Amino acid sequence: MGRMGKKYRAALAQIEPERLYTLVEAVPLIKRMAFAKFDETVEVTMVLGVDPRKADQMVRGTVVLPNGLGKTKRVVVIASGEKQAEARGVGADEVGGEEFVERIKGGWLDFDVLIATPDMMKSVGTLGKVLGPRGLMPNPKTGTVTFEVGKAVQEVKAGKVEFRVDKTGVVHVPVGRVSFSEEKLIENIRTLIDAVLRAKPSASKGRYVRAAYCGSTMGPAVPLAPTEYQG
């Protein structure tokens, strides 16, 4: 690990050793500690007691944050017929069909979310090696493979985020910006935590959430009290 900068060390000094913080205590602290010249993203990290190598212990889902993310995602829809018009009508940034598959094969990746209708997945499925590593591959489990394209686009634009446990058993998700009010950040964080708790696999035994932290992009993470994540 590289040396910590002066500003980071000053921020870290504000976190009391061994103390666990409630969200009402943590969020104001995170806002005070933010030192970057840009509007930092606030992120939540949850360490789960699951074995992600086992299919029956995979934790994955989506949730619409009530106050959004402070950033409008660029949404592309691959559909056919009237579904293209439906997507355009609710604000999709770009809408197309087979020609978009060819554009992506050619290196076009200027979007944050790709939504596809089931009838287009035979073609979109060929993009797995391009989209998969970037987390852009449409998936029914995240609501990005659907005939309800209007609803899907609206949810993404409203602040829908995906969470998925990584190979180390950790979930890491953005929940807003430092510039958000304390109330909006707390509401977003609680909404995310509730969604992760609801996604607990039935095969998971013992303590489901082992630890949770919240912090800004450049700042140190604040450890959260178990009362905030033990359902």
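Residues numbered from 1 in each chain as written. Predicted model: local features only at pLDDT ≥ 70, side-chain atom pairs only at ≥ 80, totals over all residues. Heavy atoms only, no water.

Per an unreviewed UniProt entry, the protein is named Large ribosomal subunit protein uL1, and its organism is Chloracidobacterium validum. Quoted straight from UniProt, the Subunit (unreviewed entry) entry for the protein says "Part of the 50S ribosomal subunit." (UniProt positions renumbered as here; feature names shortened; annotations may be inferred.)

A word on the nonpolar core. The tendency in soluble globular proteins is for nonpolar side chains to be buried as a group. Counting residues in hydrophobic clusters, the biggest one holds 40 residues, and the most contacted among them are M46, L48, F163, I189, L192, V222 and L224. Those elements that place two or more of their residues in this core are α2 (23-33), β1 (41-48), β6 (160-164), β7 (170-177), α8 (182-198) and β8 (209-216). Sorting elements by how many residues they give to this core places α8 first, with 7 residues. Core analysis: the next-biggest nonpolar cluster, separate from the first, contains 14 residues, I104, W108, L114 and L127 among them. (Core = buried A, V, L, I, M, F, W, Y, C linked by side-chain atoms within 4.5 Å. Buried < 20%, exposed > 50% of the residue type's maximum accessible area, 1.4 Å probe, protein only. Helix = DSSP H or I, 4+ residues; strand = E, 2+ residues; numbered from the N terminus.)

What follows covers the pairing of β1. Of all 8 residues in β1, 6 are buried; the element is thus mostly enclosed. Pairing of β1 with β7, which is carried by 7 bridges, proceeds in the antiparallel orientation. Of the residues in β7, the one forming a bridge with V42 is G176. With 7 bridges connecting them, β1 and β8 associate as antiparallel partners. Opposite E43, over in β8, you have G215 as the bridge partner. (Pairing = 2+ DSSP bridges.)

Our focus in this paragraph is the packing of α2 against α8. Close contact between α2 and α8 brings their axes to 10 Å; oriented N to C, the two are set at 120 degrees. Compared by their axis directions, α2 and α8 come out oblique. In the crossing of α2 with α8, the sense of the turn from one axis to the other is right-handed. Every residue of α8 that contacts α2 at L23, V24, V27, P28 and K31 is listed here: E182, L185, I186, I189 and R190. Considered class by class, the residues forming the contact of α2 with α8 number 7 nonpolar, no polar and 3 charged. (Axes fitted to C-alpha atoms, helices over the stretch in contact; angles between N-to-C directions. Parallel < 35°, antiparallel > 145°, perpendicular 65-115°, else oblique. Left-handed = near helix turned anticlockwise from the far one by under 90°. Contact = heavy atoms within 4.5 Å. Nonpolar A, V, L, I, M, F, W, Y, C, P; charged D, E, K, R; others polar.)

As a further point, take α8. Across its 17 residues, α8 extends 24 Å between first and last C-alpha, which sits within 8% of the 24 Å expected from 1.5 Å per residue. Buried residues belonging to α8 abut α2, β1, β2 (60-64), β6, β7 and β8. (Expected span 1.5 Å × (residues − 1).)

Read from one edge to the other, the open sheet built from 4 strands follows the order β7-β1-β8-β9, with strand pairing classed as antiparallel. Unpaired on one side and paired on the other, β7 and β9 (222-223) mark the two borders of the sheet. Summarising the sheet, β8 and β9 pair through 2 bridges and their orientation is antiparallel. Looking at the pairing, C214 lines up with V222 of β9.

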